[in-house]
Amino acid sequence: MMFLFYVNLATILCFFTSISNGNIQQTVLRGVQTSLLSMYIPSKPFTCLDGSLTIPFEFVNDDYCDCQDGSDEPGTSACPNGQFFCENKGYFGTLIPSHFVGDGVCDCCDGSDEYETIIVCNNTCFELAQKFQASRDAQRALHAAGVEKKKQILASTTTNKFGRQKHLDELEQDLKILEKELKEKEELKRQVEILENAAKEKHKKLCEEKRTMQDVSLRNNQMHEMFADLDTNGDSLISIDELQKHTELDTNQQNEFTIEEVRSILGSDSVNLNEFNTTIFDQISNSYRQLPEPTRPTPEPTPLPEPSIDSMTTQSPSLETFIDEEDLTTHTRSSYKYEDEDDYEEDHHRESKTLATSIEHEKHIHDSVAPEYDDETKKLMEIAEEARNRYHEIGEKFLSIKHQIEDLKKQSTVDAGPHDEYSPIIDQCFDYEEREYTYRICMFKTAKQISKGGGSEVIIGYWDSWCGPKDNKYLKMKYSNGATCWNGPPRSLIVTLQCGIEQKLTDVREPSRCEYTIIFETPLACDENIATTSLHSDHVEF
Ligand code: MAN
């Protein structure tokens, strides 16, 4: 009972507090924000701040909630929705829900929310103010140093609006010059290629003519050879019995090569060279084989004479000589090597093919060896090649400048900050190494997550927009529409920009699956205003 009396007395005594501020005497109500004091005039009835009710002033802070908005009880916990103002002298005044008042927990640093309880609150406002001051000083120093660095970056960059425009103008000039040069080179190339093609065409025609003549002569030789081979009795006619020995020409291998079958090939009982040439040769040349030679007694191999000292020293053999010598030994060997029937048959079979396949073989040699161009054509080809190289060289330069112009134009459409201050980092890439991944952000372009194990890259977002709070939209960057998460949303990333001396990414997180956040420290985010406040005030007015 006695305790309650003292508490109430204390409440009444504390109801009004006088604060001395210079010469001005100001009466403040407990828990009322300084800015709202004019609404609480003790000599007048009080109107709830939402205008819903007017009550005698004595009802204010009487621990009974009259106003719906709780404005009649700023200093008590009577209203669930009221707000208590902690004056926090020496630090910042703060608002707390008024039901925190007297709940036994010190919420205000000056302990004013626990005025009616026995809880003893230490006044921590001074300590907080000191901490705040220290962190503010550190921030100011950081921004001051960062601003210097930012100035250097901006001064040395050509990628700001003006630098970019200047560069663009220069490149466009270069492009015009190159375009003209490219056209000239193209025309030159066209002209020399006409000459080159004409010379090559001429060469091709000559080669074809030569080849045709060679083919005709080759066929003729083969034809004569075959005729002589068939004409075993030498009467300049090929008769039925001469051809009948060549059973390989029998298309019907089931029965013997009959006289009728041979006659149907010859077209008569015998043919002369002319008839053979026009009607028979082409018909049989592919299947024709020479008959085996009759067995001759094997001659004793004649030993080669010992080379004389003279011939060894005076005659140094050419490459051709070596090739000829090789042929010679092969022939010599074949003349005495084969001893039994099988070997002979095998060798003979190989030999008998020679005539029938020689045309094809010769043709193959013709086709595979490209005839060499004559000197004039070679010279024209060299000139044309040179013209093509020059044309491609200029073309490459032209394309590279064209791409640079396109990139610069694309860059000029980027919103690079209120003062274009983020221009220098457009398209610049920064990496952040983490245990499992490397995160790579190419500013205003793409953000990737690169797996360190497998090396696979996942796009976690494409540049989207600035997305900071309304009053500071350039605080955060949004990269969206990345690779879709399995059973989830497309990946996305928020980059928070922070003042720092070095440009680097820090503190990557994935607060929600496939939604990433990262901090980008850069001098470009340092603020002149924060930096200069330190120059004008040494301490903060709380
Ligand atoms: C990969 C990474 C992770 C992501 C999962 C989702 O492992 O991109 O960041 O959380 O896929 O499946």
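An unreviewed UniProt entry annotates the protein as Glucosidase 2 subunit beta of Rotaria sordida.

Caption draft 1: The state of the cysteines, seen in detail. Going through the model one piece at a time under the given rule, you end up with eight disulfides. There is a disulfide in this structure between Cys106 and Cys121, and the S-S distance comes to 2.1 Å. Between Cys106 and Cys121, the S-S torsion sits near -90°, and that sign places the bridge as left-handed. Placement of the pair is Cys106 in the loop between strand 6 (94-97) and helix 2 (125-156) and Cys121 in the loop between strand 6 and helix 2, with a sequence separation of 15 residues. Owing to a relative accessible area of 37%, Cys106 belongs among the partly exposed residues under this scheme. Overall, Cys121 belongs to the buried group, its relative accessible area being 18%.

Caption draft 2: Region of the structure containing the site of the ligand. Taken together, Tyr437, Gln449, Cys485, Arg491, Glu510, Arg513, Cys514 and Tyr516 make up the full set of residues adjacent to the ligand. The side chain of Tyr437 places a nitrogen or oxygen atom 3.2 Å from an oxygen atom of the ligand. In terms of residue class, the shell around the ligand is built from four nonpolar, one polar and three charged.

Caption draft 3: Structural detail: the packing of helix 3 (residues 161-230) against helix 6 (residues 273-284). Between helix 3 and helix 6, whose axes approach to 10 Å, the crossing angle comes to 100°. When the axes of helix 3 and helix 6 are compared, the pair comes out roughly perpendicular. Contact residues: helix 3 offers Arg219, Gln222, Met223, His224, Met226, Phe227 and Leu230, while helix 6 offers Leu273, Phe276, Asn277, Phe281, Asp282 and Ile284. A breakdown of the residues in the contact of helix 3 with helix 6 according to their chemical character gives eight nonpolar, three polar and two charged.

Caption draft 4: Molecular detail of helix 6. Counted at 1.5 Å a residue, the expected span for helix 6 with its 12 residues is 16 Å, but the 14 Å between its end C-alpha atoms falls short. Every buried residue of helix 6 is listed here: Phe276, Ile280, Phe281 and Ile284. Axial view of helix 6: buried residues confined to an arc of 105°, hence all on one face. Looking at helix 6, the residues exposed on the side facing more than 90 degrees away from the buried face are Asn274, Thr278 and Asp282.

Caption draft 5: Focus on the pairing of strand 10 (residues 437-442). Relative to strand 10, strand 9 (residues 429-433) runs antiparallel, the two being bridged by five bridges. Within strand 10, the position partnered with Phe430 by the bridge is Ile441. The antiparallel pairing of strand 9 with strand 10 creates a hairpin that spans three residues between the two strands. Counted along the chain from strand 10 to the antiparallel partner strand 11 (residues 446-451), the turn is three residues long, and its residue Phe444 has a positive phi close to 65°.

Cut-offs used in this document
- Residues numbered from 1 in each chain as written.
- Predicted model: local features only at pLDDT ≥ 70, side-chain atom pairs only at ≥ 80, totals over all residues.
- Heavy atoms only, no water.
- Disulfide = S-S within 2.5 Å.
- Helix = DSSP H or I, 4+ residues; strand = E, 2+ residues; numbered from the N terminus.
- Buried < 20%, exposed > 50% of the residue type's maximum accessible area, 1.4 Å probe, protein only.
- Near = heavy atom within 4 Å.
- Polar contact = N/O pair within 3.5 Å; in protein donor to acceptor, adjacent residues only side chain to side chain.
- Nonpolar A, V, L, I, M, F, W, Y, C, P; charged D, E, K, R; others polar.
- Axes fitted to C-alpha atoms, helices over the stretch in contact; angles between N-to-C directions.
- Parallel < 35°, antiparallel > 145°, perpendicular 65-115°, else oblique.
- Contact = heavy atoms within 4.5 Å.
- Expected span 1.5 Å × (residues − 1).
- Arc of directions from axis to C-beta.
- Pairing = 2+ DSSP bridges.

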